[in-house]
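Here are the chains, one letter per residue:
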Amino acid sequence: MFLYSSYMLTAALLVTCHALHPGNNEISGILRLPGRVGQEVQSHLLGLVRPPGRDRRPWLPGLPDFLNTELHKILVHLKNRLCRLERVLVFRGKISKAGEKIFASNGKQVDFAAALGSCEEAGGTLATPRNEAENKAILDIVKQYKRYAYLGIKEGETSGRFKYINGMPLNYTKWHRYEPNGRGSEKCVEMYLDGSWNDKRCHMDRLTVCEF
Ligand code: MMA
Ligand code: CA
């Protein structure tokens with residue numbers, strides 16, 4: 001039962017939002033932890049952290065089987081509801097997604113430092129495209145507002161060498177033709193309306209796009 005429960009928990013959580021079909025919600029209705037068992041489970045939820053990596057041990061060893069079953073139901077329900085919520089936000093153009101990343105804008109145009117600050121204050125960071133799919137997801141927002149956006153990329157000490165905000169070297173670029181051309185004077189990077197990049201001075205007003 002333990003192994004079965006832990007398998008079911010894993011299976012339920014590995015399914016992506018994309019794969020979850022609307023209406024495939026076995027526990028319909030509003031989000032709640034039903035009944036006495038729900039209450040009990042709620043008291044265990046704070047400890048709900050699966051060990052990372054290849055650890056395949058049961059999720060919550062020591063938890064009674066019936067609680068594991070209830071936990072499974074609740075997690076499936078939560079995941080389902082979260083997926084529907086995300087669909088609403090994508091539908092309304094409030095967010096765009098690529099893999100695990102979620103991109104969003106507050107619609108404000110500010111300089112690089114202010115944009116980064118507001119993203120971090122919201123618990124994210126500046127949108128930083130690390131592959132074509134992420135670049136496209138950011139572009140969706142840039143196109144929606146028809147405004148260039150600063151990216152989470154800056155020029156390092158060596159002029160012409162751009163890095164992620166965390167200091168790591170870039171492993172994906174989408175420079176516009178003849179860019180970067182600032183040679184030390186344009187230390188930030190903006191995304192154009194076609195998704196290509198330009199190195200740019202950091203004190204311009206640019207659309208704030210964050211990733212979460
Ligand atoms: C501007 C400025 C630069 C960019 C060129 C491209 C004139 O400078 O945005 O960063 O490289 O335009 O023509
Ligand atoms: Ca430039």
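Up top is the structure these notes are about.
The notes below deal with the structure included here. Computed from a predicted structure; not experimentally measured.

What follows is about the overall build of the protein chain. What the protein chain contains, in helices and strands, is 5 helices and 8 strands. Counted from the first residue to the last, the protein chain has its helices and strands arranged as α-α-α-β-β-α-β-α-β-β-β-β-β. In the protein chain, which comprises 212 residues, the proportion classed as buried is 39%. Partitioning the contacts of the protein chain with sequence separation of at least 6, the portion at a separation of at least 24 is 69%.

Okay, the side chain of Thr208 next. Its location among the elements puts Thr208 in strand 8 (residues 206–211). The residues touching Thr208, leaving out its near neighbours within four places in the chain, are Ala104, Ser105, Asn106, Lys108, Val110, Ala115, Ser118 and Cys119.

Note that the residue after Glu179, namely Pro180, is joined by a cis bond; omega there is -5°. Here the phi dihedral of Lys146 falls at roughly 55°; this positive angle occurs in a residue that is not glycine. The residue Lys146 is located in the loop between helix 5 (132–145) and strand 4 (149–155) in this model. Judged by its relative accessible area of 58%, Lys146 is exposed. The residue Arg183 is not glycine, and still its phi comes out positive at about 45°.

Basis of the calculations
- Residues numbered from 1 in each chain as written.
- Chains lettered and ligands numbered in written order.
- Predicted model: local features only at pLDDT ≥ 70, side-chain atom pairs only at ≥ 80, totals over all residues.
- Heavy atoms only, no water.
- Helix = DSSP H or I, 4+ residues; strand = E, 2+ residues; numbered from the N terminus.
- Buried < 20%, exposed > 50% of the residue type's maximum accessible area, 1.4 Å probe, protein only.
- Contact = heavy atoms within 4.5 Å.

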